[in-house]
Each structure stands twice: as structure tokens, then as C-alpha cells.
Amino acid sequence: MKEKDLRRSLSVLPIGTVMKLTSLTARQIRYYEEQGLVSPERNDGNRRMYSLNDIDTILEIKDYLSDGLNISKIKSIYEKRKKDSYKDNSDGLSDQEARKLLSDELLNIGGLNSRDANNNSF
DNA sequence: CTTCTGACA
DNA sequence: TGTCAGAA
């Protein structure tokens, strides 16, 4: 059913609704967009219009944040995940890589502190 | 009234 | 991240 998928991609929600649905502040939601984690449409006025997919993504982001992940780490995960599914031979891994990375980070924060977002410089 | 951008503590 | 200002 791609009709459903299409509707889910329809950006019709103002930031106020997203705030209620995600329990986040406008500041945070805009910040995540700034970081490239979500891409709301920009219809009337210049107002951000979010889709259900965006809500989903933001909810996920929130979840990762709760798990102690940093914005930059989440960015890495999403950048790999959005690439495609599993038929490209450029990297070979996408979703699997993302999951690996995620669990890896999850284990990492379990015993260490997550301060830096990039690779270890030392 | 709701949202936007930029900026400061 | 919260919050204020000025504008749309």
C-alpha cells in the first residue's frame, strides 16, 4: 500500500502539533531539522509542515536521545539508513550497518561517557 | 493567535 | 536548551 505511504509522507502538521505529539519544544524540533535529521516541507508563510513520517523520525530521535546518544551520532545513523535498502554494492551495508552502529554506541555509553561525536582522535 | 529567525545567557 | 525581540 503506497497510498498509505504517500499520505504518511504528506506534510500537513504545523510545529505546534508536532510539539504536542512528541512532547518536545519548538526549539528542539527546529534544532533537529537544522542538524538534518528531519526535512519538513515549507509551505505557507515559511512555516514548517511536518508529515507523519517526520513525527515518526522525531520520535525515534527522541528515543535515541533518551538512550544517551548524541545528535551527531544519530546523524550518522540516519545518513547511513536513508541511503537505500540492500541492493547497492557501494558499501554493501545500510540498514544492517546502522543497526550495528547503534548497538555499538549503545554498548559504548553503557560503560563510557559519550562526549565526542566523531571518531576517536586518539 | 501561531510560527520564524537570529542571538544571548 | 530556554527565552526574548521583531516581523509575517
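Residues numbered from 1 in each chain as written. Chains lettered and ligands numbered in written order. Predicted model: local features only at pLDDT ≥ 70, side-chain atom pairs only at ≥ 80, totals over all residues. Heavy atoms only, no water.

1. Some points on the protein's contact with DNA strand C
Point 1. Residues in close proximity to DNA strand C include T25, R27, Q28, Y32 and R47, which together make up its full environment.
Point 2. When atoms of DNA strand C within 4 Å of the protein are split into backbone and base, the sugar-phosphate part holds 28%.
Point 3. One nitrogen or oxygen atom from the side chain of R27 is found 2.6 Å from a base oxygen belonging to DNA strand C.
Point 4. Separating a phosphate oxygen of DNA strand C from a side-chain N or O atom of Q28 is a distance of 2.8 Å.
Point 5. Among the residues making up the surface near DNA strand C, the classes are represented as 1 nonpolar, 2 polar and 2 charged. (Near = heavy atom within 4 Å. Polar contact = N/O pair within 3.5 Å; in protein donor to acceptor, adjacent residues only side chain to side chain. Nonpolar A, V, L, I, M, F, W, Y, C, P; charged D, E, K, R; others polar.)

2. Digging into the protein's contact with DNA strand B
Point 1. Taken together, the neighbourhood of DNA strand B is formed by P14, I15, G16, R27, R30, R42, N46, R47 and R48.
Point 2. Protein-adjacent atoms of DNA strand B, using a 4 Å cutoff, are sugar or phosphate at a proportion of 72%.
Point 3. Contact distances for DNA strand B include 2.7 Å between a phosphate oxygen and a backbone N or O atom of G16.
Point 4. A distance of 2.8 Å separates a phosphate oxygen of DNA strand B from a polar atom in the side chain of R30.
Point 5. Elements supplying a minimum of two residues to the surface near DNA strand B: α2 (15-22) and α3 (26-34).
Point 6. When its residues are assigned to classes, the surface near DNA strand B shows 2 nonpolar, 2 polar and 5 charged. (Helix = DSSP H or I, 4+ residues; strand = E, 2+ residues; numbered from the N terminus.)

3. Structural notes on α3
Point 1. All of the buried residues along α3 are A26, I29, Y32 and E33. One side of α3 carries all its buried residues, which in axial view fall inside an arc of 130°. Away from its buried face, by an angle of more than 90 degrees, α3 presents the exposed residues R27 and E34.
Point 2. Residue G36 follows α3 closely and has a positive phi angle near 80°. (Buried < 20%, exposed > 50% of the residue type's maximum accessible area, 1.4 Å probe, protein only. Arc of directions from axis to C-beta.)

4. Focus: the packing of aromatic side chains
Point 1. Scanning the entire structure with this criterion turns up 1 aromatic pair.
Point 2. Here the aromatic rings of Y31 and Y32 are separated by 6.2 Å at their centres, their planes lie at 55°, and the arrangement is tilted.
Point 3. Y31 gets classed as partly exposed once you look at its relative accessible area, which sits at 34%.
Point 4. With a relative accessible area of 4%, Y32 lands in the buried category. (Phe/Tyr/Trp six-rings, centres within 6.5 Å; stacked < 30°, edge-to-face > 60°.)

Shape is all these values report; function is a separate question.
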